Amino acid sequence: MFEIIIYFFATVVLAIWLMLPAYIANSMAVVFGGGIPMDLGMKLPDGKRVLGEGKTLRGLVGGTACGIAAGLLQIFIIPTFSIQYLPTIIQYVPTITAIITLSFGALLGDIVKSFFKRRIGFVRGAELPLIDQLDFVAGAWVLTYIFDPVWFTRYFISSPWIIVTVLVLTPILHRLTNIFGYNIKLKKEPW
Ligand code: CTP
Ligand code: MG
């Protein structure tokens with residue numbers, strides 16, 4: 001029983017650790033966001049904005065930079081990691097490519113989501129349950145799989161439990177950080 005609990009926590013910690021650049025990129029986009037929207041206010045023939053006011057260059061650049069910085073910090077921290085029951089974490093060696101694709105891919109996924117959200121008539125900020133919370137995970141995974149398939153296969157595809165944990169945990173973490181962001185008046189909606 002004790003070992004199952006340890007294994008469970010190790011999986012959760014590793015999942016967060018693996019996804020950290022994407023998590024940081026996604027949340028920091030909110031902090032740095034603002035200014036001119038990336039679609040420059042343009043609309044498509046359907047009369048709706050291409051992306052909407054919520055997708056800005058500042059958010060994209062600031063978020064990506066913070067995600068990459070977090071990843072570099074992870075590489076730096078790794079050698080000092082030695083938690084007795086978590087051998088998997090010590091084996092985690094992030095690549096520069098993965099750090100970049102996790103960060104940039106997260107925000108790319110979010111942008112692609114907004115594009116389709118506008119097409120189906122959802123205004124900026126309207127809630128699309130689960131999709132709003134997993135868009136950036138999908139973007140991070142797809143881009144990482146394309147550019148660093150070896151790394152992605154090693155840490156995600158070959159350990160399905162990590163994938164399941166990320167899919168279950170992310171909406172929960174997302175919700176909690178957004179409620180926090182809403183309370184400190186960083187975000188307009190608590191989702
Ligand atoms: N943000 C940004 N640039 C990005 C992503 C996010 O500036 N590339 C900022 C915006 O201020 C945005 C906030 O982060 O309002 C929250 O992001 P998100 O929930 O993804 O956008 P929404 O405003 O909800 O818009 P959408 O309906 O398109 O998801
Ligand atoms: Mg939103």
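Higher on the page you've got the structure.
Analysis parameters
- Residues numbered from 1 in each chain as written.
- Chains lettered and ligands numbered in written order.
- Predicted model: local features only at pLDDT ≥ 70, side-chain atom pairs only at ≥ 80, totals over all residues.
- Heavy atoms only, no water.
- Near = heavy atom within 4 Å.
- Polar contact = N/O pair within 3.5 Å; in protein donor to acceptor, adjacent residues only side chain to side chain.
- 1 Å grid on protein atoms, 1.4 Å probe; cavity = no way out; pocket = protein on both sides within 12 Å on 5 of 7 lines; lining within 4 Å.
- Sits in = over half its atoms within 2 Å of the grid points.
- Helix = DSSP H or I, 4+ residues; strand = E, 2+ residues; numbered from the N terminus.
- Nonpolar A, V, L, I, M, F, W, Y, C, P; charged D, E, K, R; others polar.
- Phe/Tyr/Trp six-rings, centres within 6.5 Å; stacked < 30°, edge-to-face > 60°.
- Buried < 20%, exposed > 50% of the residue type's maximum accessible area, 1.4 Å probe, protein only.
- Lys NZ or Arg CZ within 6 Å of the ring centre and 35° of its normal.
- Salt bridge = Lys/Arg side-chain N within 4 Å of Asp/Glu carboxyl O.
- Points joined across faces, edges and corners; volume = space filled by probe spheres on them.
- Axes fitted to C-alpha atoms, helices over the stretch in contact; angles between N-to-C directions.
- Parallel < 35°, antiparallel > 145°, perpendicular 65-115°, else oblique.
- Left-handed = near helix turned anticlockwise from the far one by under 90°.
- Contact = heavy atoms within 4.5 Å.
- Expected span 1.5 Å × (residues − 1).

**Description of the site of ligand 1**
Taken together, 18 residues surround ligand 1, and among them Thr-56, Ser-114, Arg-118, Arg-124 and Gly-125 come closest. Between ligand 1 and Lys-113, the relevant distance is 3.2 Å, taken from an oxygen atom to a side-chain nitrogen or oxygen of the residue. Between ligand 1 and the protein, one listed contact pairs an oxygen atom with a side-chain N or O atom of Arg-124 at 2.7 Å. Among the detected pockets, ligand 1 sits in the largest pocket. In terms of residue count, the dominant contributor to the shell around ligand 1 is helix 4 (residues 96-119) (five residues). Residues of the shell around ligand 1, tallied by class, amount to four nonpolar, seven polar and seven charged.

**A short note on the packing of aromatic side chains**
One pass over the structure, following the stated rule, counts nine aromatic pairs. Seen in terms of ring centroids, Phe-115 and Phe-116 are 5.2 Å apart; in terms of plane orientation they differ by 90 degrees. Their pairing is edge-to-face. When its relative accessible area of 27% is taken as the criterion, Phe-115 is described as partly exposed. These aromatic residues form a ring-pair network of at least three members: Trp-141, Tyr-145, Trp-151, Phe-152, Tyr-155 and Phe-156. Above the plane of the ring of Phe-115 lies Arg-119, whose end atom (NZ or CZ) is 4.9 Å from the centre.

**A few points about the pattern of salt bridges**
Counted by the stated rule, this structure contains ten salt bridges. Residues Arg-49 and Glu-53 are paired through a salt bridge, measuring 2.9 Å at the closest nitrogen-oxygen approach. A relative accessible area of 17% means that Arg-49 is categorised as buried. Across the salt bridge formed by Glu-127 and Arg-175, the nearest N and O atoms sit 2.8 Å from each other.

**Here we look at the layout of surface pockets**
Its volume calculated, the largest pocket comes out at about 1100 Å³. Looking at the largest pocket, it is lined by 47 residues, and the ones nearest its centre are Asn-26, Ala-29, Val-30, Asn-178 and Lys-187. Within the residue set of the lining of the largest pocket, elements represented by two or more residues are helix 1 (2-32), helix 2 (57-77), helix 4, helix 5 (131-147) and helix 7 (160-183). Take the lining of the largest pocket: its biggest share by element is nine residues, from helix 1. Residue classes in the lining of the largest pocket are distributed as 19 nonpolar, 16 polar and twelve charged.

**Here we look at the packing of helix 1 against helix 7**
Remark: helix 1 packs on helix 7, axes separated minimally by 9 Å, with the N-to-C direction vectors making an angle of 55 degrees. Overall, the two elements helix 1 and helix 7 adopt an arrangement that is oblique. Note that helix 1 runs across helix 7; the crossing there is right-handed. The residues of helix 7 that touch helix 1, namely those facing Thr-11, Val-12, Leu-14, Ala-15, Ile-16, Leu-18, Met-19, Tyr-23 and Asn-26, are Trp-161, Ile-162, Thr-165, Val-166, Leu-169, Thr-170, Leu-173 and His-174.

**Structural notes on helix 5**
Note that an α-helix has 3.6 residues per turn; residues three or four places apart therefore point the same way. Its 17 residues give helix 5 an end-to-end C-alpha distance of 24 Å, which sits within 8% of 24 Å, the value for a rise of 1.5 Å per residue. In this structure, the buried side of helix 5 is in contact with helix 1, helix 4, helix 6 (149-157) and helix 7.

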